Number of protein chains: 2
Amino acid sequence: MRPREFDHDEVLRIAFDQFWRNGVRGTSLSDIARDAGVQRGSLYNAFGSKEALFLQAYERYAEDYLAALQKALGAGSLRKRITAFFDLTITNFRSGTPPRGCPTTRGLMELGAAEGEGLDDDARQAFANLIARITALVQDTLSAGAARGEFDGNAAAAALHIVTVTRGLAVLERAFGDEPQLRKIAAHTIDLVLGKKGG
Amino acid sequence: MRPREFDHDEVLRIAFDQFWRNGVRGTSLSDIARDAGVQRGSLYNAFGSKEALFLQAYERYAEDYLAALQKALGAGSLRKRITAFFDLTITNFRSGTPPRGCPTTRGLMELGAAEGEGLDDDARQAFANLIARITALVQDTLSAGAARGEFDGNAAAAALHIVTVTRGLAVLERAFGDEPQLRKIAAHTIDLVLGKKGG
DNA sequence: CGATGTATTTGACGCTGTGTCAAAAACATG
DNA sequence: CATGTTTTTGACACAGCGTCAAATACATCG
């Protein structure tokens, strides 16, 4: 066995950074190979294809992101938790200069588009998975809040609504890039779901 | 002057159909040229580039779609109007086999991704424009409903919320493709914004 | 310590797709 | 019928994805 000459995880991080900033379409394997100091062929050998590389880089990111979301949802009153959730979400896809957008939404739309390619099903699955896990986190938070009397309603429906709004915010961010307006929409959503009273 | 040998609008329709079904990335100008019975070079001469062709085809579609939305929003009680709005929205991006998704959201994410290309700014502008016009239509409908005592709240904020949800639905459609669930989210949103009482 | 085997690296190749260009063709106009 | 303008046409250059065989480097075993 000949050992790898590069660090697997570091290449994934470099690749995801490129993909996030320039999109899947706007990133060539030559770009990644140059930035990572690796031959293009080695990337194919190690990861299979451009989309497979993106997916692996994405899933690596997704775990980190989920952990951060879980932390944001874990402290304070229910309203504080949901507010922190929206804050992290918006801050995440307004990060970078220029803002890089939501990698999940962007990836889903870029890769999930072409049907019947086989790997695209894996891609869709990966994105659907993250969204489902986020929804579950929010739902658990709402259920716990309901048990403490901070929420009165259908936790599943409310969680789905909240996550739908965050996906919509990811789209509006691309269209307008008006961060204050995004935060207004988030605040309005919280009021709608939790009621307008403070706390 | 030598006259065109093809029908400008028909090519736009053929092109948009391809783009909608297979995505911008998944559609080559050779595909469109073949389907339209036109040489590839003629497309470049007439439309400039692939993205420019997509944009022109998109804007042609957008006018038709806006007209349909306006019609859906124009009859019945406020609740009926907003319900018709969501119905048309979901039906639109569940149309085709397999469902083609929301062309605005897909186009925005596919083209708006690569920054600093110049034409991409035009693309973003076109999508942002449609979203803004849809929001205005919904807001007008809500304002009119408020005047008739059917709605009590901030029409601008509510319209923005509703449109944000439709963008989120477009994303969830790609992720899960579960149409009944999409319609549930829509119904839940209507209840949140208009209140749970019938009418 | 040297031989063997296995996985990685490397560079060249084929293919598809975008976009450009100059020459040929077709028609409107005078 | 001659002229000029625009479209058409086919060839070309270029970038990017993916593949392959040969070369390479190392672990392992005798």
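The paragraphs below set out a description of the structure included in this document. It should be emphasised that the depicted structure is a prediction, and the values quoted were computed from it without experimental measurement.

### Section: the interface of chain A and chain B
Link 1 in the chain: With 40 residues of chain A at the contact, the number on the chain B side is 40 residues.
Link 2 in the chain: Carbon and sulfur atoms make up 71% of the surface buried where chain A meets chain B, a total of about 3,600 Å² over both sides.
Link 3 in the chain: Together, R25, M109 and R174 of chain A form the three largest contributors to the area buried by chain A at its contact with chain B, with a combined 20%.
Link 4 in the chain: In this structure, R25 of chain A engages E51 of chain B in a salt bridge whose closest nitrogen and oxygen atoms are separated by 3.2 Å.
Link 5 in the chain: Viewed at the interface, chain B and chain A are joined by 7 residue pairs in polar contact (both at pLDDT 80 or more).
Link 6 in the chain: Those elements that provide at least two residues to the side of chain A that touches chain B are α6 (103–111), α7 (119–147), α8 (155–175) and α9 (179–194) of chain A.

### A look at the protein's contact with DNA strand D
Link 1 in the chain: Residues in close proximity to DNA strand D total 20 residues, the closest being R2, R40 and Y44 of chain A together with M1 and E5 of chain B.
Link 2 in the chain: Contact between DNA strand D and Y44 of chain A: a phosphate oxygen at 3.3 Å from a side-chain N or O atom of the residue.
Link 3 in the chain: Within the residue set of the surface near DNA strand D, elements represented by two or more residues are α3 (40–47) of chain A together with α3 (40–47) of chain B.
Link 4 in the chain: It is α3 of chain B that provides the largest number of residues to the surface near DNA strand D, a total of 3 residues.

### A few points about unusual backbone geometry
Link 1 in the chain: The peptide bond linking T97 of chain A to P98 of chain A adopts the cis configuration, its omega dihedral lying at -5°.
Link 2 in the chain: Along the polypeptide, P98 of chain A turns up in the loop between α5 (78–93) and α6.

### Examining the relation of the copies chain A and chain B
Link 1 in the chain: Expressed as a screw transformation, the operator carrying chain A onto chain B has a rotation angle of 180° and an axial translation of 0.0 Å, and the superposed copies differ by an RMSD of 0.0 Å. The symmetry that links the two subunits is that of a two-fold axis. The C-alpha atom lying nearest the rotation axis in chain A is that of G168 of chain A; the distance is 1.9 Å.
Link 2 in the chain: A share of 100% of interface residues in chain A that are also interface residues in chain B marks the association as one of identical surfaces.

### Considerations on the pattern of salt bridges
All names here are of chain B.
Link 1 in the chain: Using the criterion set out here, one finds 30 salt bridges over all chains in the structure.
Link 2 in the chain: A salt bridge links D87 to R183; the shortest N-O distance between them is 3.1 Å. A residue pair is termed long-range when its members are at least 10 positions apart, and D87 in helix α5 (residues 78–93) and R183 in helix α9 (residues 179–194) qualify at 96 residues.
Link 3 in the chain: Of the charged contacts, one joins E173 and R94 as a salt bridge, the two residues approaching to 3.0 Å between their closest N and O atoms. Of this pair, E173 sits in helix α8 (residues 155–175) while R94 sits in the loop between α5 and α6 (103–111); the two residues are 79 residues apart in sequence, bridging distant segments of the chain.

### A closer look at the protein's contact with DNA strand C
Link 1 in the chain: As a structural note, the neighbourhood of DNA strand C is formed by 20 residues, with M1, E5 and Q39 of chain A together with R40 and Y44 of chain B the closest of them.
Link 2 in the chain: One nitrogen or oxygen atom from the main chain of M1 of chain B is found 3.3 Å from a base oxygen belonging to DNA strand C.
Link 3 in the chain: In the environment of DNA strand C, a phosphate oxygen lies 3.3 Å from a nitrogen or oxygen atom belonging to the side chain of Y44 of chain B.
Link 4 in the chain: At the level of secondary structure, the elements contributing two or more residues to the surface near DNA strand C comprise α3 of chain A together with α3 of chain B.
Link 5 in the chain: For the surface near DNA strand C, the leading source of residues is α3 of chain A, giving 3 residues.
Link 6 in the chain: A per-class count over the surface near DNA strand C returns 7 nonpolar, 7 polar and 6 charged.

Thresholds applied
- Residues numbered from 1 in each chain as written.
- Chains lettered and ligands numbered in written order.
- Predicted model: local features only at pLDDT ≥ 70, side-chain atom pairs only at ≥ 80, totals over all residues.
- Heavy atoms only, no water.
- Contact = heavy atoms within 4.5 Å.
- Buried area = accessible area lost by both parts, 1.4 Å probe.
- Salt bridge = Lys/Arg side-chain N within 4 Å of Asp/Glu carboxyl O.
- Polar contact = N/O pair within 3.5 Å; in protein donor to acceptor, adjacent residues only side chain to side chain.
- Helix = DSSP H or I, 4+ residues; strand = E, 2+ residues; numbered from the N terminus.
- Near = heavy atom within 4 Å.
- Least-squares fit on C-alpha atoms with pLDDT ≥ 70 in both.
- Nonpolar A, V, L, I, M, F, W, Y, C, P; charged D, E, K, R; others polar.

That is the geometry; function is a separate question.
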